[in-house]
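Letter by letter, the chains look like this.
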Amino acid sequence: MFDITKIVRPNILALQPYSSARDEFTGSAGIFLDANENPFGALNRYPDPLQKELKQRIAEIKSVSPENIFLGNGSDEAIDLCYRIFCEPGIDKALTFTPTYGMYQVSAAINNVTLVNLPLTCDFQVDFNRLSKVLEDDTVKLLFICSPNNPTGNTLKGVETIIKNFKGIVVVDEAYADFSGTSLVATLHNYPNLIVLQTLSKAWGLATVRIGMAFASTPITALFNKVKPPYNISMLNYTAALKALGNTEQYGQQVKLLVAERNKMAGALSRLPMVTKVYPSKANFLLVEVTNADAVYQKLAAQGIIIRNRNKVVANCLRISIGTPDENRILLNALQQITV
Ligand SMILES: *Cc1c(COP(=O)(O)O)cnc(C)c1O
């Protein structure tokens, strides 16, 4: 049996959370003199600390219960909270598969937690032989899996096997799941040690709004709620998110268009002489190996076209986000002109 109290840091287990004025009153009232707010204005009130209406809407879209949702100031807040809840600084460890999203490492370092980096195989899959050896270390409390993975673009195989066999918490970062059409959210009830991260920053077109979603069992979402700053989602962002989530048709059309553009771009890029490999992608970007990544990056930047140079992460690789059809065409034209 999975026992969450064995994984949580003792100080977090014992923590008495801050109780805000808006936590203590539920119901309808006309006069609020409980939070030292200015009574005048349109932005004068503190927002709902538990974001009930927004969670209700997300619950409908994702077919989960609102109690299984935590909302953070971007997924990056949820990543940080995972370290703070589960890893004792200087003692416990976390694990991830590289190359992957850089915030797992930055957040680990901020929290003084060692992140063990297990290299993916040459086709960017988990090396299960090496993983089972690493997991003999029972100070590893937290495991991050990004799928589809950033910057490689592929989905990882065997994720559920890892969740079943790992004694700690598995965080599956699905920031790009909208584009792959695959998600573990529907399996949550099977796995008390699973946290699935998604975001409004990519497919929903709300990067500026800073809302990340964590889906997990209620004991885990309760821990997130206990540790987060009380008003972590601003009302302006809340309102913008509710509005965007009301238009699932636009979301669906954009995802479809971006996936079609991605597939077209993969073909077109692979026909360029400078391109030696286009890695298969299930996300809204492509990892592209070229003969000289630094030179290509510099020449595009000089024309005002900015892509991500990942040469230091995967040799001679560029990560290219899929833009509008016009932007993609301009990029292709520019690449055709470049000689390296
Ligand atoms: C872009 C991205 C996110 C999103 O982070 P937010 O803080 O929600 O904007 C999360 N994980 C990965 C792997 C990403 O690439």
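Computed from a prediction, not measured in an experiment: that's the story for all the values here.

Brief notes about the overall build of the protein
At step 1: Counting secondary structure elements, the protein contains 13 helices and 11 strands.
At step 2: Counting only C-alpha atoms, the protein reaches 65 × 55 × 30 Å along its principal axes.
At step 3: Here the protein holds 340 residues, and 50% of them are scored as buried.
At step 4: Partitioning the contacts of the protein with sequence separation of at least 6, the portion at a separation of at least 24 is 68%.
At step 5: Measuring between centres, the 33 positive side-chain charges of the protein sit 5 Å from its 29 negative side-chain charges.

Comments concerning the sheet that holds strand E8 (residues 275-278)
At step 1: Strand order in the open sheet formed by four strands is E8-E9-E11-E10, with antiparallel pairing between adjacent strands. Looking at the sheet topology across the chains shown, the edges are occupied by E8 and strand E10 (308-309).
At step 2: Bridge count between strand E9 (residues 285-290) and strand E11 (residues 317-321): five bridges; the pairing is antiparallel. Note on E11: the bridge partner recorded for Leu286 is Ile320.
At step 3: Strands E9, E10 and E11 of the sheet are contacted by helix H12 (residues 293-302), whose axis makes an angle of about 40 degrees with E11.

What to know about the layout of surface pockets
Empty space among the atoms can be located by rolling a probe the size of a water molecule over them.
At step 1: Of the volumes computed, that of the largest pocket is approximately 460 Å³.
At step 2: Around the largest pocket sit 19 residues that line it, and Arg22, Tyr46, Pro47, Asp48 and Met235 are the ones nearest its centre.
At step 3: Sorting the residues of the lining of the largest pocket by element identifies helix H3 (52-62) and helix H10 (235-245) as the ones contributing at least two each.
At step 4: Residues belonging to the lining of the largest pocket are distributed by class as follows: 10 nonpolar, four polar and five charged.
At step 5: By volume, the second largest pocket is sized at about 260 Å³.
At step 6: Of all the secondary-structure elements, those providing two or more residues to the lining of the second largest pocket are helix H6 (128-134), strand E4 (140-146) and helix H7 (159-165).
At step 7: In terms of residue class, the lining of the second largest pocket is made up of seven nonpolar, four polar and five charged.

As for the site of the ligand
At step 1: For the ligand, the set of nearby residues contains 13 residues, the closest of which are Tyr176, Thr199, Ser201, Lys202 and Arg210.
At step 2: One nitrogen or oxygen atom from the main chain of Asp76 is found 3.2 Å from an oxygen atom belonging to the ligand.
At step 3: In the complex, 94% of the free accessible area of the ligand, which totals 390 Å², lies under the protein chains.
At step 4: The residue makeup of the shell around the ligand, split by class, is four nonpolar, five polar and four charged.

Description of the nonpolar core
At step 1: By size, the foremost hydrophobic cluster in this structure holds 79 residues, and its most contacted members are Phe97, Leu143, Phe215, Leu269, Leu300 and Leu335.
At step 2: Contact partners of Phe97, with chain neighbours within four places excluded, come to Leu118, Leu120, Val126, Leu131, Leu143, Phe144, Ile145 and Ile162.
At step 3: Of all hydrophobic cores here, the second largest spans 31 residues; its members include Ile7, Ile79, Phe86 and Ile220.

With respect to the pairing of E11
At step 1: The buried fraction of E11 is high, at four of five residues.
At step 2: As paired elements, E10 and E11 share two bridges and run antiparallel to each other. Bridging from a neighbouring strand, Arg308 pairs with Arg319 of E11.

Conventions we followed
- Residues numbered from 1 in each chain as written.
- Predicted model: local features only at pLDDT ≥ 70, side-chain atom pairs only at ≥ 80, totals over all residues.
- Heavy atoms only, no water.
- Helix = DSSP H or I, 4+ residues; strand = E, 2+ residues; numbered from the N terminus.
- Buried < 20%, exposed > 50% of the residue type's maximum accessible area, 1.4 Å probe, protein only.
- Contact = heavy atoms within 4.5 Å.
- Lys, Arg positive; Asp, Glu negative; His and termini not counted.
- Charge placed at Lys NZ, Arg CZ, Asp CG, Glu CD.
- Pairing = 2+ DSSP bridges.
- Axes fitted to C-alpha atoms, helices over the stretch in contact; angles between N-to-C directions.
- 1 Å grid on protein atoms, 1.4 Å probe; cavity = no way out; pocket = protein on both sides within 12 Å on 5 of 7 lines; lining within 4 Å.
- Points joined across faces, edges and corners; volume = space filled by probe spheres on them.
- Nonpolar A, V, L, I, M, F, W, Y, C, P; charged D, E, K, R; others polar.
- Near = heavy atom within 4 Å.
- Polar contact = N/O pair within 3.5 Å; in protein donor to acceptor, adjacent residues only side chain to side chain.
- Areas by Shrake-Rupley, 256 points an atom, 1.4 Å probe, with all protein chains shown as cover.
- Core = buried A, V, L, I, M, F, W, Y, C linked by side-chain atoms within 4.5 Å.

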